[in-house]
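So the chains spell out like this:
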Amino acid sequence: MSDNDPVAAFRIEAGELLESVERALLDLTEDAGNRALIDEVFRGLHTLKGSGSMFGFDALAGFTHHCETAFDRVRKGQAAASRGLIDVVLSALDYMQSLLDAGSDADAALVAAGDGILAALASAVSDAPAAAAPTPAVAKGWQVRFRLPPEAMVTGSNPLGLLDELRDLGDCTVTCRFEDVPALADLDPTECHAVWEVTLAGDISREDIEDVFVFVIDDMELEITSLAPEPSAGVAETAAAPTEAPRAAARQTAPAQESVRVQAERLDELMNRVGELVIAQSRLELIAAAGTIDAMTLRAVSEDIQRLSAELRDTSMALRMMPVSNLFGRFRRLIHDLAHETGKTIELVTEGEATEVDKTVIERLADPMIHVIRNSCDHGLEPADERAPAGKPAAGRIVLSARQAGGEVLIAIQDDGRGINRARVRAKAEAQGLIAPGATIGDGELLQMIFAPGFSTAAAITNLSGRGVGMDVVKRSIEALRGTIEIESIEGTGTTITLHLPLTLAIIECMLVRVGEGRYAIPLSAVEECLELPAAEVAGTSRRNFLDVRGDLVPYLRLRDSFASDHPADLYQKVVIVGQGRGRVGLVVDQIIGNTQTVIKSLSRFHGGVGAFSGATILGDGNVALILDVAALIGGAQKAQRARSERPAETAGEAA
Amino acid sequence: MTASILTVDDSPSLRMAVRIALTGAGYTVTEAGDGAEGLAKASAQRFDLIITDLNMPRMDGLTMIRELRTKPTMAGVPIVFLTTESEDGLKAQAKAAGATGWLVKPFNSDQLVKIARKVLGR
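Please read these numbers as outputs of a predicted model, since none were measured by experiment.

Asks: Give me the overall build of chain B: which residues, what numbers.
Replies: In terms of regular secondary structure, chain B is built from five helices and five strands. By the burial criterion, 50% of the 122 residues in chain B qualify as buried. Sequence-distant contacts in chain B: of pairs separated by 6 or more residues, those separated by 24 or more amount to 60%.

As structure tokens, then:
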């Protein structure tokens, strides 16, 4: 976030305010009349209006004012937070977002578009007529007599400051009267009892004088008498109308900068670690300066630094973590709208909202999850009249849950709908040529068909989903996050789609292997097991390039061949079996070095197109290891396998 | 010595605007995100002026002003609250709670600095 651009800050803040108001409104639909929620809505709208007007979002401020007024009536018990009102305000929130996007450029058409919403709100709105502006009066001089309320000094008013301000207006004679000051014994020194009489000369208006006392004028005694007869009100009109100061808020259309809101305590923690690191570093410096190396001391420092860097890694990673409640919160509105559109009653249950995920993951999860939820509501959940005969409650249920398991976060979208009809999926898959008619295919594999491009079993295309786009996009987006999708479905009972996501995108646990002279990192989450390559395979007597792993045939790739290594091969070749989704493939390497924490660096622009690698990392000794892109290798192996089965006579030693 | 000012507001952009205007005028500005934080900061350090919003989560401005005024060290420290045109009732309540003055939103930095000068005196 730019540190000195309140307008940019306001845009971010307003987005968050709209979200929190929306959340509170949706909560109100379930808990009508909850005071805290009503207050939250009101406060959100109020801040939006106040800050909006500060930063030049006049259209937004004006519009929000009406919503705020309506909710103020609710707050004061003059109106009910009815379903109707909540729906109107929800649509108003969408409109406010568009006003926010338009900023000070909101054109007449956009502003006019809000009139419909305002009309719906109108019954709750009553505008007080604007007070007539008082006409300023000017005189040649004034006699001012004032007495401040006794508590004025305690509450921060400063009589001397007021006198100074009067002096700034013109020539002043000040007399202080102590008649009302109590005797010392009865005097409370914090109270103000003095009366001041001031004679002011000059071309000063009564309003200028009243302005000095603006904060206390209602509670004080103030007599202002003219030294000369006051001119008639008509003359005052020649005074120029005050020109409004130009709004400083320069509109900026700079792209939204990515910013993260971090809890202060996490920053403090980070600072603590950095502080400790500095201390460890100075200890290291002492050891280096000592000349003779004491192994024990050195080891102690080394251990400290190791611990600190691990903690630093965790704390700095935590800075990017956000609870999934931020994500789940957005779907409540979606489900509210979907329930309206489909005419179904849908109940949303969320679990594990405190689970934290990398901010980037959260942002990139929203769209795929919307697709999945739409599908669940539209196709998964049956209409109420179908649910009753199946013995289900009339309200359909969507459960969003999140939990952490090892280095992964599992996010599940579960519905209690009709489940996936296997027969229809199969028919469709066969019709599209995805599987051969009558072919034997595992249940999991069959269900995964719904992620194939262009695949849709929806009998009718509805407004919500079923356009045949979506599920394949969902799969691609999740894979781009190095995640996988699992799908479980029981016909008649419901479907659960589970997204497996890495905890963070920046650091992964890898298995380090050596192929020839080069070292490569394989994401540990993809590694299933390690074997020794059987002698028959090493000798190359078998041409099939398949391994028998406890009865399963697993294709394997000789990375030596793929990477064209001419370094002599180790005697005992190892196979690392990696899997992602349904695919499994063995990678033949010379040596398995061990596990390592890998900080991912992306490849340069020139190397970005190399398919077999997803990035690079720097090893402890300063060398670079490339990180293998398991999904691409599996895809390559499967392609090679198909090619081989088509041309059995040839051998293909193709690079992935 | 430059006067130090505490700005209490749940709107980060508004706090930022206040901070920019007042630091530009030579004051030192500390920020707090709600009444509770404002109360804690004002108890830990003496400020020459406190500028606060009224509508805030956790602890609203009125409660904070009332709490602050119970502290002997806070006697005489000016407290200015930010308000909107539609809140006339609140104005009286805030003054009864012990506020010194107010500033109506929207305001520009000149107006803010003028109010700060006014209540801080010369």
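Asks: Please set out the overall build of chain A residue by residue, giving values where relevant.
Replies: Summing up its helical and strand segments, chain A has 20 helices and 21 strands in all. A fraction of 70% describes how many contacts in chain A between residues 6 or more apart in sequence connect residues 24 or more apart.

Asks: If you had to explain the interface of chain A and chain B to someone new, which residues and values would you point to?
Replies: Chain A puts 28 residues into the contact, and the matching count from chain B is 29 residues. Only helix 1 (6–30), helix 2 (35–54) and helix 7 (159–169) of chain A provide two or more residues apiece to the side of chain A that touches chain B. It is helix 2 of chain A that contributes the most residues to the side of chain A that touches chain B, eight residues altogether. Grouping the constituent residues of the side of chain A that touches chain B by class yields eleven nonpolar, twelve polar and five charged.

Asks: Describe the packing of helix 2 of chain A against helix 3 (residues 58–75) of chain A, and please don't skip the residues or the numbers.
Replies: All names here are of chain A. Across the interface, helix 2 lies against helix 3 with an axial gap of 8 Å and an inter-helix angle of 155 degrees. Judged by the angle between their axes, helix 2 and helix 3 are roughly antiparallel. Seen along the crossing, helix 2 lies across helix 3 with a hand that is left-handed. Along the contact surface, helix 2 presents Ile38, Asp39, Val41, Phe42, Leu45, His46, Leu48, Lys49, Gly52 and Ser53, while helix 3 presents Asp58, Leu60, Ala61, Thr64, His65, Cys67, Glu68, Phe71, Asp72, Val74 and Arg75. The residue inventory of the contact of helix 2 with helix 3, partitioned by class, reads ten nonpolar, five polar and six charged.

Asks: So what's going on with the nonpolar core? Which residues, and what values?
Replies: If you look at the biggest cluster of nonpolar residues, it comprises 75 residues, and the most contacted ones within it are Val41 of chain A together with Ile50 of chain B. The element best represented in this core is helix 1 of chain A, accounting for eleven residues. Leaving out residues up to four positions away in the same chain, valine 41 of chain A has contacts with Val21, Ala24, Leu25 and Phe71 of chain A.

Asks: Pulling in residues and values, what's your account of the environment of valine 144 of chain A?
Replies: Residue and element names in this part refer to chain A. Tracing the backbone through its elements, the reader meets valine 144 in strand 1 (residues 138–147). As a C-alpha pair, valine 144 and leucine 200 span 56 residues in sequence and 7.4 Å in three-dimensional space. When sequence neighbours within four positions are dropped, the list of residues in contact with valine 144 reads Leu166, Val198, Leu200, Ile209 and Ile224.

Asks: Could you give an account of the packing of helix 1 of chain A against helix 12 (residues 325–342) of chain A, naming the residues involved and the relevant values?
Replies: Between two packed helices, both the angle of their axes relative to each other and the distance between the axes serve to describe the pair. All names here are of chain A. Where helix 1 contacts helix 12, the two axes come as close as 9 Å, and the packing angle between them is 55 degrees. With respect to helix 12, the element helix 1 is oriented oblique. Taken as a pair, helix 1 and helix 12 cross one another with a handedness that is left-handed. Packed against helix 1, whose contacting residues are Glu19, Glu22, Arg23 and Leu26, the element helix 12 presents Gly329, Arg332, Arg333 and His336 at the interface. In terms of residue class, the contact of helix 1 with helix 12 is built from one nonpolar, two polar and five charged.

Asks: So what's going on with the pairing of strand 21 (residues 624–628) of chain A? Residues and values would help.
Replies: Residue and element names in this part refer to chain A. Alignment of strand 13 (residues 518–523) against strand 21, held across two bridges, turns out to be parallel. The partner of tyrosine 520 across the bridge, within strand 21, is leucine 626. Relative to strand 21, strand 20 (residues 613–618) runs antiparallel, the two sharing five bridges. Paired with glycine 615 across the strands is isoleucine 627, a residue of strand 21. Connecting the antiparallel pair strand 20 and strand 21 is a turn made up of five residues, with glycine 622 showing a positive phi of about 95 degrees.

Asks: Can you break down the confidence of the model for chain A residue by residue, with the values?
Replies: All names here are of chain A. Scored by pLDDT, chain A has a mean of 78; 84% of the residues are at 70 or more. No element of chain A has a lower mean pLDDT than helix 9 (residues 233–236), at 40, and none a higher one than strand 13, at 91. Across residues 230–257 the pLDDT falls below 50, and counting only partners more than four positions away or on other chains, this stretch makes 27 contacts in the model. Counting interchain partners and residues more than four positions distant, the pLDDT-below-50 stretch residues 648–656 has 15 contacts.

Asks: Describe the pairing of strand 3 (residues 49–53) of chain B, and please don't skip the residues or the numbers.
Replies: All names here are of chain B. Of all five residues in strand 3, five are buried; the element is thus mostly enclosed. Of the two faces of strand 3, the one carrying Leu49, Ile51 and Asp53 and the one carrying Ile50 and Thr52 are both buried. Looking at chain direction, strand 1 (residues 4–8) and strand 3 are connected through four bridges and run parallel. The partner of threonine 7 across the bridge, within strand 3, is isoleucine 51. Note that strand 3 and strand 4 (residues 79–84) share four bridges and pair parallel. Bridged to isoleucine 50 within strand 4 is isoleucine 79. Assessed by its sense of winding, the connection that carries the chain from strand 3 through helix 3 (residues 61–69) to strand 4 is right-handed.

Asks: Residue-level account of the sheet that holds strand 13 of chain A, with values.
Replies: All names here are of chain A. Reading across the sheet, the five strands line up as 19-12-13-21-20 and stay open at both edges, with mixed pairing between neighbours. The open sheet has two edge strands, strand 19 (591–599) and strand 20, and neither has a second partner. Neighbouring strand axes in the sheet, compared pairwise and without regard to direction, differ in orientation by 35 degrees on average. In the sheet, strand 12 (residues 507–515) pairs with strand 19 via eight bridges, with the strands oriented antiparallel.

Asks: Give me the lowdown on the environment of methionine 56 of chain B, citing residues and values where you can.
Replies: All names here are of chain B. Examined against the element boundaries, methionine 56 turns out to sit in the loop between strand 3 and helix 3. Taking the C-alpha atoms as reference points, methionine 56 and alanine 36, 20 residues apart in sequence, are found 9.5 Å from one another. If sequence neighbours within four positions are ignored, methionine 56 has contacts with Asp10, Asp34, Gly35 and Gly61.

Asks: An account of the sheet that holds strand 9 (residues 408–415) of chain A is needed here, citing residue identities and associated values.
Replies: Residues and elements named next belong to chain A. Strand order in this open sheet of five strands is 6-8-9-11-10, and the pairing throughout is mixed. Only two strands of the sheet have a single neighbouring strand rather than two, namely strand 6 (346–351) and strand 10 (484–490). On average, each strand axis in the sheet is tilted by 15 degrees relative to the strand beside it, whichever way the strands run. Contacts from helix 13 (residues 359–380) reach strand 6, strand 8 (396–405), strand 9 and strand 11 (494–502), with the element oriented near 20 degrees to strand 9.

Asks: How would you explain helix 2 (residues 35–44) of chain B if you had to name every residue and give the values?
Replies: All names here are of chain B. When we look at burial in helix 2, the residues that qualify are Gly35, Gly38, Leu39 and Ala42. One face of helix 2 carries all of its buried residues, which in axial projection span an arc of 100 degrees. Set apart from the buried face of helix 2 by more than 90 degrees, the exposed residues are Ala40 and Ala44. Looking at the buried positions of helix 2, the neighbouring elements they touch are strand 1, strand 2 (28–32), strand 3 and helix 3.

Asks: If you had to explain unusual backbone geometry to someone new, which residues and values would you point to?
Replies: Most peptide bonds adopt trans geometry, and most residues besides glycine take a negative phi value. The amide bond that connects lysine 105 of chain B to the next residue, proline 106 of chain B, takes the cis arrangement and shows omega of -5 degrees. Position of proline 106 of chain B among the secondary structure elements: in the loop between strand 5 (101–105) and helix 5 (109–120). Although it is not a glycine, alanine 564 of chain A sits at a positive phi angle of roughly 50 degrees. Tracing the sequence through the fold places alanine 564 of chain A in the loop between helix 19 (559–562) and strand 17 (574–580).

Asks: So what's going on with helix 7 of chain A? Which residues, and what values?
Replies: All names here are of chain A. What helix 7 keeps buried is the set Leu162, Leu166 and Leu169. All buried residues of helix 7 fall inside an arc of 50 degrees around its axis, so they share one side. In helix 7, the exposed positions that point more than 90 degrees away from the buried face belong to Leu160 and Asp168.

Conventions and cut-offs
Residues numbered from 1 in each chain as written. Chains lettered and ligands numbered in written order. Predicted model: local features only at pLDDT ≥ 70, side-chain atom pairs only at ≥ 80, totals over all residues. Helix = DSSP H or I, 4+ residues; strand = E, 2+ residues; numbered from the N terminus. Buried ≥ 20, exposed ≤ 12 C-beta atoms within 10 Å, placed from the backbone. Contact = placed C-beta atoms within 7 Å. Nonpolar A, V, L, I, M, F, W, Y, C, P; charged D, E, K, R; others polar. Axes fitted to C-alpha atoms, helices over the stretch in contact; angles between N-to-C directions. Parallel < 35°, antiparallel > 145°, perpendicular 65-115°, else oblique. Left-handed = near helix turned anticlockwise from the far one by under 90°. Core = buried A, V, L, I, M, F, W, Y, C linked by C-beta atoms within 7 Å. Pairing = 2+ DSSP bridges. pLDDT = per-residue confidence, 0-100. Right-handed = clockwise from strand over helix to strand, strands pointing away. Arc of directions from axis to C-beta.

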